[in-house]
Each structure stands twice: as C-alpha cells, then as structure tokens.
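# Notes for the structure review
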Amino acid sequence: MTRDSTRTRSTRNRPTRPRSFHAALRRLAAFAVVALTLIPGVAAAHGSQHPQPYPQWLALVVLVVGAGVVAGSVIAGRRGLDRTTALGGVFLGLFVAAAGAVGLVQLSPVKTLSASQTPIDRAWYAPLTLAVGIGIAVVSLVVGRLKFPERPRYAFVGALLGMWVAYPVLGGLENPVGYLLVFALPVAVAYVLYRDARGILARVARDRVARRFGVGTGVLAALFFAFSMGMVTFVPEHGIGVPDHGFVEVTPVANPLVYWSGVEFFFPGVPASGVVSLGMAIQVGLVAALVGLNGAVIASQWRTAAPAGTTGTTETTTGTAAVAAPNACCCCGPVVTELAVVAVGPSAAAPLYWLFVDLASPVGALFFVGSVGLLAGNLAYVGRERC
C-alpha cells in the first residue's frame, strides 16, 4: 500500500505534457505530408494544360497553417509548455510553412512573365548594376573603417558582396575573377564567424536539441531556396525544343556570375526537373548554413531563457529576437512576391519577383547579398555581445 501510494503521489506531482498538443502535432504532420504530396501533383496536372498555373490558394492555406503553428508553439512555450516540446512545434510549423512556400513558388505564373515584363528599360541594367554594386562596396569600406577599424574583415566581406553585384558588368562569364569571387565569399564569411562567433557557436553545438533544430532549419532553407532559384521544379516546362522523355545531361549554366558545368535533369514520372551546378550549390549552401546557424542560436537562447517574469527574461528575449529577425528577412522576399501574386495578380507582382528572386536581373543579386550580410553580420554581433 505504501509503495502504491508513493507511486500515485509521484505520478500526480510529475509535470505532464498536454496530450491535445501532441495530437495536434501529429495531425499537422499528416496534413503537411498530404500537402507536400498534393501540391506537386496539382501543379503537374494543370501546368501543362493551361497557360496560367493552378490557383495558389492551396499553398497559401498550407503556409498560413504553418505560420499559425509556429506562433502557437512560441506562445505555448512562453506560457509554461516545456520549451523543448514547444521547439518541436516550431520546427513542425516551419516545415508546414516551407511546404506552403514551395507550393506558392511552384504554382506561380510570375517566372514566365519575368522575362517579358521588367520594371525598367533594359538599357538601364548595366549602369544600375554597377552603381549598386560599387555603392555597396564603398559604403562597406567607409563604415568598416570608421566603425570597426580593428576588424577590417567586415569591410572586406562587404566589398566582396558589392563586387558580387557589380561583377556582371565588370567581368565576363568566363573570367577567372568571377570564379574567385564565388569561392572567396564563403571563405571570408567563415573567417568572420571563426573570429567573432566561434565561442557562441561552440556552446550551441554542445546543445543537442539546438543543434538538431539548426540542421533542420538549414535543410528547409536549402530546399526553399533551391525551388525559389529554379534549381528544382515540379512544374517542368513544355513546348518547342523541350523533350517529353526523361534525361540527365551536362550543360553550361551561366549563374552565379560565370559559366559552370551543370547537371540538367528531367524525370517525367515524378514529375521533376531542374539543373544543379557547383556554383549554385555554393550559393544555396552558404545561405542555408547561415540560416541553420542562426536557427541553432535562436533555439539555444530560447531554451535556456529564464521563465516569464524572472530576471534575465528581457535580455534573452531581445537577443533571440535579434537573431530571428534576419532569418525572417532573408526568407521574406520570395514569399512576399508570391503573396503579391495572390493579392494583385502576376502582372503587378512581376517587379517584386525581378527584385527579390530573379538572380539574372541586375538587382536580383541584392536578395542574396542582403541575406548573407544580415545573417553573417547578426551571428558576428551576437558572438561579440555574448562572449
């Protein structure tokens, strides 16, 4: 009797996780899997039959549900739910939102319009690209010299980002300088993180939950940007010169900056098509790695935050928000573009696609450059503040 009563009291005093929350997670996971299965099929079924893609409401619903799960999990974590469990809910929400975002991109008619509808005359492409790129480089050098004289690496990375924008005007598609820029940027960013953020990243790496969350968010970011850049698509093109049978072949690819030997593929049974090159992999991999590192820092800070109402909550919450903001900004461009398609139509949204997503446009590289600058700069800032 004594043993049973002790077991009963122990069970009563043990904190329990709400079953309804876990049931909701399971239902949402099933919904996400179904959505991921349906969206490519719907896109493939309608993309080849109509000049305009299928309406994007299904993907928009998935995106909104994912955002709601993220918000709900964060609120639950702040109100007493075990934060590791809440973090699982956040990741599930990000997974669902990423499925919706990929669906929005895949079902968007903006890509087909971007080549014919540009917001400015093509005669302005070269001077605009050159002015923006040189402007970024000059501002980076000036700010680096005045504000961070003891850290010249910041100015160097900023100048690299500026040259990335200006290179299409200054160099050719086969110039060795272009290849040097592509390889130098991730090396320079890694050096900055090693010098200024290695302490906090080492601590985060020892947190298994935060480490897994960071890897997961990085993978989601890589998939999202791969679809946004057109590396992979579930809506293959059809028309003159496009074969109906599957193939895998090596073809020259003119992005990023220079020619790369890319592997182009088409699998009609899936259906899936796309092209992948070493340059694209470096470009997407850099942004995804930075997103994952920022995500791991967010997870670690949030899990170790003081409970609501206690000392240290404001400081930790502010730090987490400072890390989360660049993550949100670097992903908002393509999503905002697709939301604009739903709201005002593809013709009105084409300039947003040209600005944020289309890396072949003279200012399209600004999205990539801004993402790298925000994410890497934020990690360096947090590393300096916490160490």
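### What to know about the environment of Gly 158
- When you line up the elements, Gly 158 lands in helix α7 (residues 152-170).
- Once the C-alpha coordinates of Gly 158 and Ile 136 are considered, the two residues, 22 residues apart in sequence, prove to be 7.0 Å apart.
- Residues in contact with Gly 158, not counting those within four places in the same chain, are Ile 136, Ala 137 and Ser 140.

### Notes on helix α4 (residues 83-106)
- With 24 residues, α4 extends 34 Å between its outermost C-alpha atoms, agreeing within 8% with the 34 Å of an ideal straight helix rising 1.5 Å per residue.
- In terms of residue burial, α4 counts as a mostly covered element, since 19 of its 24 residues are buried.

### Remarks on the pattern of salt bridges
- Evaluation of the coordinates by the stated rule reveals 4 salt bridges.
- Note that Glu 150 and Arg 151 form a salt bridge whose closest N and O atoms lie 2.8 Å from each other.
- Its relative accessible area of 49% is what places Glu 150 among the partly exposed residues.
- Here Arg 303 and Asp 207 are joined by a salt bridge, their closest N and O atoms 2.8 Å apart. Of this pair, Arg 303 sits in helix α11 (residues 278-303) while Asp 207 sits in the loop between α9 (198-205) and α10 (208-229), placing them 96 residues apart in sequence.

### Examining the packing of aromatic side chains
- Enumeration over the complete set of coordinates arrives at 8 aromatic pairs.
- Arranged with centres 4.8 Å apart and planes meeting at 40°, the rings of Trp 164 and Phe 368 form a pair that is tilted. Remark: Phe 368 occurs in helix α14 (residues 365-386) and Trp 164 occurs in helix α7; sequence separation between them is 204 residues. Taken as a pair, Trp 164 and Phe 368 share a single burial class, namely buried.
- Ring geometry for Tyr 179 against Trp 260: centres 5.1 Å apart, planes inclined by 70°, an arrangement best described as edge-to-face. You can see Tyr 179 sitting in helix α8 (residues 176-196) and its partner Trp 260 sitting in strand β3 (residues 260-267), a full 81 residues away along the chain.

### Considering the pairing of strand β4 (residues 272-276)
- The buried fraction of β4 amounts to 4 of the 5 residues, a majority that puts the element mostly inside the structure.
- Across 2 bridges, strand β1 (residues 232-233) lies against β4 in antiparallel orientation. Opposite Thr 233, over in β4, you have Ser 273 as the bridge partner.
- Examined bridge by bridge, β3 and β4 share 5 bridges and lie antiparallel to one another. For Phe 265, the partnering residue across the bridge sits in β4 and is Gly 274.
- Following β3, the chain reverses through 4 residues before pairing antiparallel with β4.

About the criteria used
Residues numbered from 1 in each chain as written. Predicted model: local features only at pLDDT ≥ 70, side-chain atom pairs only at ≥ 80, totals over all residues. Heavy atoms only, no water. Helix = DSSP H or I, 4+ residues; strand = E, 2+ residues; numbered from the N terminus. Contact = heavy atoms within 4.5 Å. Expected span 1.5 Å × (residues − 1). Buried < 20%, exposed > 50% of the residue type's maximum accessible area, 1.4 Å probe, protein only. Salt bridge = Lys/Arg side-chain N within 4 Å of Asp/Glu carboxyl O. Phe/Tyr/Trp six-rings, centres within 6.5 Å; stacked < 30°, edge-to-face > 60°. Pairing = 2+ DSSP bridges.

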